[in-house]
Amino acid sequence: MSANNALQPVKLSLPLEYQQHLFQELRAEDELVVIAKGLGLMRLVTNLLHSYDAAGNNLIIVVGAEERENAWIGEALAESAAVSMAPKARGLTVVNTDFTSVAAREKMYAKGGIYSITSRILVVDLLTSLLDPDTITGLIVLHADKVIATSLEAFIIRVYRQKNKNGFLKAFSDNPDPFTVGFSPLATMMRNLFLRKTSLWPRFHMTVASSLEGKKKAEVIELEIPMTDAMRDIQTAIMECVEVSIHELKKGNSGLEMDDWNLDSALLKNFDVMVRRQLDPNWHRVSWKTKQIVSDLTVLRGLLHSVLALDCVSFLQHLDTIHAAHSPQPGSTRQTQSPWLFLDAAHTIFETAKRRVYASNAKANAKSSIDSLRPVLEEQPKWALLAEILEEIDRDLYFEPPMRDDSNGTILIMCADEATTRQLRDYLQMMHVEPKTEHDTKQSKEAHKPSAAFMMRRRLRNYLNWKREFAQVSNALFTENQKALEGAVDPRIAQGSYKGKAPANKRRRVRGGGAAGAAPGRAANGSVAQYFEKPNEVADLMDEIRITGEEANQKADIIADPLEDMDDYFELYEMQDLVVVHAYDGDQDEHVLEEVKPRYIIMYEPDAAFIRRIEVYRSSHNDRNVRVYFMFYGQSVEEQRYLATVRREKDSFTKLIKERASMSVVMTTEFQGVEDPQEAFLRTVNTRIAGGGRLAATAEPPRVVVDVREFRSSLPSLLHGRSMIIVPCMLTVGDYILSPTICVERKSVSDLIGSFKDGRLYSQAETMFQHYKNPMLLIEFDQNKSFTLEPFADLSGSLKSVNPNEVPSDLQSKIVLLTLAFPRLRIIWSSSPYQTAEIFEALKTQQEEPDPVAAVRAGLDKDMKAEDQVFNLEPHEMLGVVPGVTPKNLKNLTLKAENVREVANMTVDELQLLIGTEAARQVYGFFNRNLIDLDD
Amino acid sequence: QALPQRSSGSSILVSPRQKGNPVLASLRSVAWEYSDIPADYGLGLTTCALFLSLKYHRLHPEYIYTRIRNLQGKYNLRILLTMVDIPNHEDSLRELSKTSLINNVTIILCWSAAEAARYLELYKSYEHANFSAIKGQQATSYAEKLVEFVTVPRGINKADAITLVSAFGSLKNAVNADPEQVAVINGWGEKKVKRWCSVVEEPFRVQH
């Protein structure tokens, strides 16, 4: 490629016309680029970055990049730097954890270069002027679709633009969907991004289309495969469960708008998100059951996918675990369970899934009630087809070898996830191994067809072993509750589930499909019961599939790929002979294509973005022929989902184009119409008054000390918008310090529930009172969330609900307890972060400004350095759950042990030294309790 | 419904001023009686509540200050039970927040008479309660604790927790597992594997 930068010649790798066009556009001006998935967003970004990198003398910040994207950008930059031999290029520096110290960061920034910085760190550095916005050459914002008015990224852009008017600002997104939700979404988004121009690149864009649909089109063969009857039955049954769940959801939350909750939309990928979004404003008010159903829907939709993706044994295993996880504690009644488990359809799912794996027929000499089980092991239809395609490719290569071209002749198989790649690898390895048992040795003379029998038998063996262990585990886990409950509860109900070792006749599993045709296997309380085969039945089955000679010869399952010496292995094979199985992985797929240079591509599962990537790949290389096999199950959820995504993307782009066409009007009438707090807020942000530089004659501008962890919320951004000076500090006590006496702990409603549960709030309040005169608890509701704590359920309590001896469960009673415990704790109720900012302003008037140094020092041990007392949240939380660990001894543990793993591996004696005998015993028992070989 | 006669110590004292307030109709679970007290509701020896409807407050903004002054610092915990019955509550609430700081009252918001009554009942019945319920020390079974432990990292659910321990037999083994071993478990995708394995290795203390 020729260089376009007059100053510094750089080599770019943008072969297609639309890519070059877009690149020129981006070099020329600031804009928001929305591009269809698969058209090479990353490649564009890296080339752009490289063009700046090569010029040197730049300080460019990449905002909003994910971890893996950082890796890709880093690699790509290093590669292009090598290719164009740019001496000044320095590649990408990633600043992503708190590991780099403040001083080191300052030095780094002074050197310049390209940085990808986590938003939370970046905003703090900008506010503390560690990174002076004036020195930044430009900002590249990835995932622009996530930049909403109150987001951290928007805050960063605002701070940047306030001080720096000349630097460039370019935003990218490959997800057009979020730009079409709400009222004039594109205009709002543009304002958040401080950008005036949008550039839209759908697949149907003229330039894109002509670039991709030239002579060099890829050859595509579409293959539609019917599902097996069993699969279809299961799919139908799951759909029925989904439908009922949706119905229940509607019934439980009348008052809410739920028109588009129906079966069709339930198939879409973002249905969960949609339901959550609509329920979110009321999430703290909905009943426990509603939450249960929402999580059920996720499970059910997962099942819809697994029935197509997993083999029949794994699917059954998956169902078993789901069943175990969703089963009620013994003794509970219908009300507390997932409703779908009570449906006939649920029963169908479990039965059909089982019948795909093994069937039963009454024994000839049946005196007893023992049925003999024989393996069925239904194969996935796609497997046979895959084998067929591979054979066809083989024949093809033999009879009419293709012209030599630049591609490697490799066969690339693409599928949805790593699990599927493992499944396919196993299948391909073993499809020509025949399991010879006594019955069929005679027939084996016939032409051998590839089959998964061998693999499936191995899986079934593993499954049966697993199941035995699993029974023990769930036994071990759940009998405990049962023992506790048995005294209180009617034993008839209690025996319903999880009594793997109870007398066989009580645990009779009834096979719906078998001759026995009796009542379906239900637990006493009406849900589908877990079944456990009788030992001799299992023995039969095991016998049937016992390891034959051939099977023993095969090597064992490889679990861990020796990835370290991948390179060595890679050299051993001709690329010509390779079959590569890979999972879809966003923009990474482009590199896979470039590196593998496949002659044949088999898309085991449909993926719209990947098709475009193939198009881009094919069009970019004149001399590489590609044939694509594209397979999907006809009339399946998979097919519908694929079609729906393609349609949605197209619709989104159409909407965007329409809005862009009329947007100039929107911009001019910006401040008219109904006042939205978001708009009102944006209006108050005047970029001409530099952050906090209040022009009034007051001695000191208002100042708030904010805990750095609080930058995850939108409040600091809003306070900054109200021209207060934000001082980011690492605080041990409180979240916001408004004055020397006022300290505020902010809790969103969900935080509030959580911190009551684990007692965090109580100890936080305690420490606040040790250091401040006026501690305040801020209960902050979300903008657009309903401003009330009243649950949908009826409140008018019985006597029991106010009985002090009962453990209270609702929020109200906990707030009451808190205020009783801390009579001087003030509560601020705020309906939104916007409101909070105003309240803070009001509270601060006529108060002295807080002292950051004192605020940081509060709550720290005097003899320890501040740095030692900063903790990572998640491991802490995990340790806090462990029985025996109290807030007090938690400190000892975290100081002495490095991480959770170390604590888990400690012996009783080691623990004893840290936390005392009793606690040590509990902690040790928690980690070391063996759930499989349980004797009692 | 006739409530059993109790000594005044166990019932809510109500100022005659509150006569006609719908909250009284909802006070069902705890006995109440009229009494001449400076506050609206006496909820114990050291606790009292003033009732304020925002609708009223908007018309008579000075009323509540007089009432607070009349309390003369008699009670330790002084609740300002505020009923949000107007849509534009922002300005009033902001002002009340400021008031609570200066005048030493604690604001509790409610949205209906029933909820207000529930708060009053709760305050009365918890008069002598201990605070263990909010200190977070709740006994649960091993299974629940185990599930709670494993599901701390985002995205890992209950079913994953059970498959994890059933695959490894004990929690210790699960904590020590390699990513590859975890990845072969049903339902454990790459993201979950990564989260789990990094969280058990993540140091407790942030290093500088």
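About the criteria used
Think of each chain on its own: its residues are numbered from 1, step by step along the sequence as written. Think of it this way: whatever chain is written first is A, whatever ligand is written first is 1, and the rest follow in order. In keeping with the predicted nature of the model, local features appear solely for residues at pLDDT of at least 70, side-chain atom pairs appear and are counted solely at 80 or more, and the whole-chain, interface and lining totals rest on all residues. Note: side-chain values were computed over all heavy atoms of the structure, leaving out hydrogens and water. Helix numbers and strand numbers start at the N terminus; a helix is a DSSP run of H or I with at least 4 residues, a strand a run of E with at least 2. With the radius of gyration taken over C-alpha atoms, the globule rule is written as 2.2 Å times the number of residues to the power 0.38. Summary of the burial criterion: residues with accessible area below 20% of their type's maximum are buried, those above 50% are exposed, and those between are partly exposed, where the area comes from a 1.4 Å probe applied to protein chains only. Note on definitions: a residue-residue contact is assigned when non-hydrogen atoms from the two residues lie within 4.5 Å. The pocket and cavity definitions rest on a 1 Å grid over protein atoms only: a 1.4 Å probe that fits but cannot leave marks a cavity, an open set with protein on both sides within 12 Å along at least five of seven lines marks a pocket, and residues lining either have an atom within 4 Å of a point. Grid points are joined across faces, edges and corners, and a volume is the space filled by probe spheres set on the points. Any residue outside Ala, Val, Leu, Ile, Met, Phe, Trp, Tyr, Cys, Pro, Asp, Glu, Lys and Arg is labelled polar, Gly included; the first ten of those are nonpolar and the last four are charged. Per the annotation, domain bounds derive from an automatic or database assignment of domains. What counts as a ring pair is set by centres within 6.5 Å for rings of Phe, Tyr and Trp (its six-membered ring), and what kind of pair is set by the plane angle: stacked under 30 degrees, edge-to-face over 60, tilted for all other angles. A pair of strands is considered paired only if DSSP assigns at least 2 bridges between the two. Residues forming no salt bridge and having over 30% relative accessible area are the ones grouped into patches, like charges within 9 Å of each other and nonpolar side chains (Val, Leu, Ile, Met, Phe, Trp, Tyr) within 5 Å. All accessible-area figures derive from a Shrake-Rupley calculation using a 1.4 Å probe, and residue coverage is judged against the displayed protein chains alone. Salt bridge criterion: a side-chain nitrogen from Lys or Arg within 4 Å of a carboxyl oxygen from Asp or Glu. Residues counted as positive are Lys and Arg, residues counted as negative are Asp and Glu, and His and the chain ends are not counted. Throughout, a charge is located at the NZ atom of Lys, the CZ atom of Arg, the CG atom of Asp or the CD atom of Glu. Two parts placed together each lose some accessible area under a 1.4 Å probe, and adding up what both lose gives the buried area. Throughout this description, a polar contact denotes any pair of N or O atoms lying within 3.5 Å of each other; where both atoms belong to protein, one of them has to be capable of donating a hydrogen while the other can accept it, and for residues adjacent in sequence the pair is counted only when both atoms sit in side chains. Angles shown run from 0 to 180 degrees and are taken between the N-to-C directions of axes, each axis being a line fitted to C-alpha atoms and, for helices, limited to the stretch in contact. Side-chain atoms within 4.5 Å are what join buried Ala, Val, Leu, Ile, Met, Phe, Trp, Tyr and Cys residues into a set we call a nonpolar core. Under the convention used throughout, the expected extent of a helix is 1.5 Å for every residue step, that is, one less than its residue count. Angles are sorted into four bins: roughly parallel if under 35 degrees, roughly antiparallel if over 145, roughly perpendicular if 65 to 115, and oblique for all others. A crossing counts as left-handed when the near helix is turned anticlockwise from the far one by less than a right angle, and as right-handed when that turn is clockwise.

> Quick one: what's the story with the overall build of chain B, residue by residue and with numbers?
Along chain B, the regular secondary structure elements total eleven helices and six strands. A globule of 208 residues ought to have a C-alpha radius of gyration of about 17 Å, yet chain B, at 26 Å, is considerably larger. Its C-alpha atoms give chain B principal-axis dimensions of about 70 × 45 × 30 Å. Across the 208 residues in chain B, those meeting the buried criterion constitute 56%. Restricting the contact set of chain B to residue pairs at least 6 apart, pairs at least 24 apart contribute 59%.

> If you had to explain the layout of surface pockets to someone new, which residues and values would you point to?
Residue and element names in this part refer to chain A. Volume-wise, the second largest pocket comes out at about 600 Å³. Looking at the second largest pocket, it is lined by 23 residues, and the ones nearest its centre are S13, R43, E79, S80 and H591. Contributing elements (two or more residues each) for the lining of the second largest pocket: α2 (41–55), α3 (67–83) and α22 (588–596). The residue inventory of the lining of the second largest pocket, partitioned by class, reads eight nonpolar, seven polar and eight charged. When residues of the lining of the second largest pocket are assigned to domains, at least three fall in each of domain 1 (3–212) and domain 3 (379–433 + 573–635).

> Explain the packing of aromatic side chains residue by residue, including any values.
Remark: the centre distance and the inter-plane angle together describe each pair of aromatic rings, the angle taken between the planes. Residue and element names in this part refer to chain A. The full count for this structure, using the stated rule, is 19 aromatic pairs over all chains. Residues Y109 and Y115 carry aromatic rings whose centres are separated by 5.6 Å and whose planes lie at 80 degrees to one another, so their mutual orientation is edge-to-face. Relative accessible area serves as the criterion here: at 2%, Y115 is assigned to the buried category. Ring pairs connect the aromatic residues F630, F632 and Y642, which therefore count as one cluster.

> So, the pairing of strand β1 (residues 32–35) of chain A: which residues are in play, and what are the values?
Residue and element names in this part refer to chain A. Residues L32 and V34 line one face of β1 and the alternating positions V33 and I35 line the opposite face, and both faces are buried. Pairing analysis gives three bridges linking β1 to strand β6 (residues 168–173), with the strands arranged parallel. In the strand pairing of β6, L32 is matched with A171. Note: β1 against strand β7 (residues 198–201), four bridges, orientation parallel. From the neighbouring strand, L32 faces β7, where its bridge partner is T198.

> A description of a negative patch on the surface should follow, citing residues and the corresponding values.
Judged by side-chain charge, E898, E902, D909 and E910 of chain A come together as a negatively charged surface patch. Tracing the backbone shows E898 of chain A in the loop between α34 (887–896) and α35 (900–904).

> So, the interface of chain A and chain B: which residues are in play, and what are the values?
Facing 105 residues of chain A, the contacting portion of chain B comprises 80 residues. When the two sides are added together, the surface that chain A and chain B hide from each other amounts to roughly 9,100 Å², 62% of it contributed by carbon and sulfur. The largest per-residue losses of area from chain A upon contact with chain B belong to W829, M878 and R901 of chain A, which jointly make up 8% of the total buried on that side. Counting across the interface, chain A meets chain B through three salt bridges. Two residues, E838 of chain A and R94 of chain B, come together in a salt bridge whose shortest N-O distance is 2.5 Å. At the surface where chain A touches chain B, the tally comes to 22 residue pairs in polar contact (both at pLDDT 80 or more). Sorting elements by how many residues they give to the side of chain A that touches chain B places helix α30 (residues 811–821) of chain A first, with ten residues.

> Could you give an account of the environment of I238 of chain A, naming the residues involved and the relevant values?
Residue and element names in this part refer to chain A. Tracing the sequence through the fold places I238 in helix α9 (residues 229–252). A sequence separation of 386 residues divides I238 from R624, and the C-alpha atoms of the two residues are 44 Å apart. Other than its neighbours up to four places away in sequence, I238 contacts L300, L303, L304 and I349.

> Which residues make up the sheet that holds strand β3 (residues 92–95) of chain A, and what values go with them?
All names here are of chain A. Pairing is parallel across the open sheet formed by seven strands, whose spatial order is β3-β4-β2-β5-β6-β1-β7. Each end of this open sheet is capped by a strand with a single partner; those strands are β3 and β7. The mean inter-strand angle of the sheet, taken between neighbouring strand axes irrespective of direction, is 20 degrees. Across the sheet, helix α24 (residues 637–661) is in contact with β1 and β7; its angle to β7 comes to roughly 150 degrees.

> Before we move on, can you summarise the nonpolar core with the specific residues and values?
Residue and element names in this part refer to chain A. L32, I61, I140 and F172 are the most contacted members of the largest nonpolar core, which has 98 residues in total. Counting only domains with at least three residues in this core, you end up with domain 1 (3–212) and domain 4 (677–790 + 807–859). Setting aside residues up to four positions removed in sequence, I61 forms contacts with Y115, I117, L122, L131, I136, G138, L139 and I140. Ranked by size, the runner-up nonpolar core spans 82 residues in total, among them F315, L424, F454 and Y633.

> Tell me about helix α6 (residues 152–163) of chain A, and name the residues and values.
The α-helix winds at 3.6 residues per turn, so residues separated by three or four positions along the chain end up facing the same way. Given a rise of 1.5 Å per residue, twelve residues ought to cover 16 Å, and the 17 Å separating the end C-alpha atoms of α6 of chain A matches this to within 8%. Burial of α6 of chain A is extensive: eleven of the twelve residues sit out of reach of the surface.

> A description of the packing of helix α7 (residues 142–150) of chain B against helix α8 (residues 158–168) of chain B should follow, citing residues and the corresponding values.
Residue and element names in this part refer to chain B. Between α7 and α8, whose axes approach to 9 Å, the crossing angle comes to 105 degrees. As summarised for this structure, α7 and α8 are arranged roughly perpendicular, according to the angle between their axes. Together, L146, V147 and V150 of α7 and K158, A161, L164 and V165 of α8 make up the contact between the two elements.

> Account for unusual backbone geometry, naming residues and giving values.
Residues and elements named next belong to chain A. In this structure, S129 takes a positive phi of about 60 degrees despite not being glycine. Position of S129 among the secondary structure elements: in the loop between α5 (119–127) and β5 (138–141). The partly exposed category is assigned to S129, whose relative accessible area is 41%. The phi torsion at Q635 lies on the positive side, around 55 degrees, for a residue other than glycine. Structurally, the position occupied by Q635 is in the loop between β14 (627–633) and α24.

> Residues and numbers for the sheet that holds strand β16 (residues 725–729) of chain A, please.
If you walk across this open sheet you meet the six strands as β16-β15-β17-β18-β19-β20 (chain A), and the pairing is mixed. The two strands at the open ends of the sheet, each matched to only one other strand, are β16 and β20 (826–830) of chain A. Relative to strand β18 (residues 742–748) of chain A, strand β17 (residues 736–737) of chain A runs antiparallel, the two sharing two bridges. Looking at β18 of chain A, one finds that Y736 of chain A is bridged to V744 of chain A. Against the sheet, helix α4 (residues 90–103) of chain B engages β18, β19 (774–780) and β20 of chain A, with an angle of about 155 degrees to β19 of chain A.

> Could you give an account of the pattern of salt bridges, naming the residues involved and the relevant values?
Oppositely charged side chains can form a pair if their charged atoms are brought close together. Residue and element names in this part refer to chain A. Counted by the stated rule, this structure contains 40 salt bridges over all chains. In this structure, the salt-bridge partner of E66 is K146, at a minimum N-O distance of 4.0 Å. Here the residue E66 occupies a position in the loop between β2 (59–63) and α3, and K146 occupies one in the loop between β5 and α6, the gap between them amounting to 80 residues. Between R648 and D177 there is a salt bridge, with its nearest N and O atoms 2.9 Å apart. Taken as a pair, R648 in helix α24 and D177 in the loop between β6 and α7 (185–193) lie far apart in primary sequence, 471 residues in all. Overall, D177 belongs to the buried group, its relative accessible area being 18%. Residues joined by salt bridges that share partners form a network here, namely R43, D589, E590, E594 and R613.

> Just give me the short version of the side chain of S53 of chain B, but keep the residues and values in it.
Residues and elements named next belong to chain B. By the secondary structure assignment, S53 is in strand β4 (residues 47–53). For S53, a relative accessible area of 16% corresponds to the buried category. Not counting the four nearest positions on each side in its chain, S53 is found in contact with M83 and D85.

> Please provide a residue-by-residue account of the environment of T163 of chain B, values included.
Along the polypeptide, T163 of chain B turns up in helix α8. For the pair formed by T163 of chain B and N186 of chain B, sequence separation is 23 residues and the distance between their alpha carbons is 7.4 Å. Not counting chain neighbours up to four residues away, the residues in contact with T163 of chain B comprise T321 of chain A together with I185, N186 and W188 of chain B. At a separation of 2.8 Å, a polar atom in the side chain of T163 of chain B contacts the main-chain carbonyl oxygen of D160 of chain B.

> Quick one: what's the story with the packing of α30 of chain A against helix α5 (residues 113–125) of chain B, residue by residue and with numbers?
It is the contact of α30 of chain A with α5 of chain B, at a shortest axis distance of 10 Å, that shows an interaxial angle of 45 degrees. On the basis of the axis angle, α30 of chain A is oblique to α5 of chain B. Both α30 of chain A and α5 of chain B take part in a crossing whose hand is right-handed. Taking contact as the criterion, the partners of Q812, S813, I815, V816, T819 and L820 of chain A in α30 of chain A are, on α5 of chain B, E115, Y119, L122 and Y123 of chain B.

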